[in-house]
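Below, each chain spelled out in residue letters.
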Amino acid sequence: MYAICGWTGSVTDLRTPESSLDAMLPASGTPAAGGAGRIHGAEAHVASLMGGDLVHRDGDLTLCLSESVLDDRGERIDARALARLYRDHGDGLLGRIHGSFSLAIIEPARRRVLLAVDRAGIRPLYCARVGDGIAFASRLGALTRLPGITARISDQAVFEYV
């Protein structure tokens, strides 16, 4: 199963960040043979079910990817290479990668979160505001494992979308 989950900012009523991320993972699917890749930090907590090469921290940047993607040359790249592309091209990175994916790039120092999915929307990604941050997950069930997040539809959000 190709899935990511995590959050940035402070989430109230967490047992511990580690146990909360662990609670989100089973609702996301079955981890790869090598286990899920995880990163815990003061400002960001992320996981990818497909393994450790799909999560990466580089200074103030934390990146999480559902699966490896293809670059402009058709070469498969992981989270570390994607972080370099992001540093070089910013949001323009999205025009330079191909394949089915969901990703999260978190830059707490800039108070910035980039959540994105592939052009065809094959890989889903849900998000919710929690406390002073953002939570995200490839499956709604994983997102609702965090305190304060429910699976209810906001009438205002539907109005704004339509």
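See the structure printed just above.
Residues numbered from 1 in each chain as written. Predicted model: local features only at pLDDT ≥ 70, side-chain atom pairs only at ≥ 80, totals over all residues. Heavy atoms only, no water.

### Overview of the sheet that holds strand S3 (residues 44-48)
- Ordered in space as S2-S3-S1-S11-S10, the five strands form an open sheet in which the pairing is antiparallel. Each of the sheet's edge strands pairs with one partner strand only, and the pair in question is strand S2 (37-40) and strand S10 (126-130). Neighbour-to-neighbour, the strand axes of this sheet turn through a mean angle of 10°, independent of strand direction.
- Where helix H1 (residues 17-24) meets the sheet, its contacts fall on strand S1 (4-8), S2, S3 and strand S11 (133-137), and the angle it forms with S1 comes to roughly 150°. (Pairing = 2+ DSSP bridges. Helix = DSSP H or I, 4+ residues; strand = E, 2+ residues; numbered from the N terminus. Axes fitted to C-alpha atoms, helices over the stretch in contact; angles between N-to-C directions. Contact = heavy atoms within 4.5 Å.)

### Section: the pattern of salt bridges
- Here the structure, examined in full by the defined rule, presents nine salt bridges.
- For Asp58, the salt bridge goes to Arg87, with nearest N and O atoms at 3.5 Å. Of this pair, Asp58 sits in strand S4 (residues 55-58) while Arg87 sits in helix H2 (residues 79-89); the two residues are 29 residues apart in sequence, bridging distant segments of the chain.
- In this structure Asp58 comes out as partly exposed when scored by relative accessible area, which is 31%.
- Of the charged contacts in the structure, one is a salt bridge between Arg123 and Glu67, with a shortest N-O distance of 2.5 Å. Here Arg123 is found in the loop between strand S9 (112-117) and S10, whereas its partner Glu67 is found in the loop between strand S5 (61-65) and strand S6 (69-70), with 56 residues between them in sequence. One exposure class covers both Arg123 and Glu67, and it is buried.
- One network of salt bridges, with partners in common, ties together Asp58, Asp60 and Arg87. (Salt bridge = Lys/Arg side-chain N within 4 Å of Asp/Glu carboxyl O. Buried < 20%, exposed > 50% of the residue type's maximum accessible area, 1.4 Å probe, protein only.)

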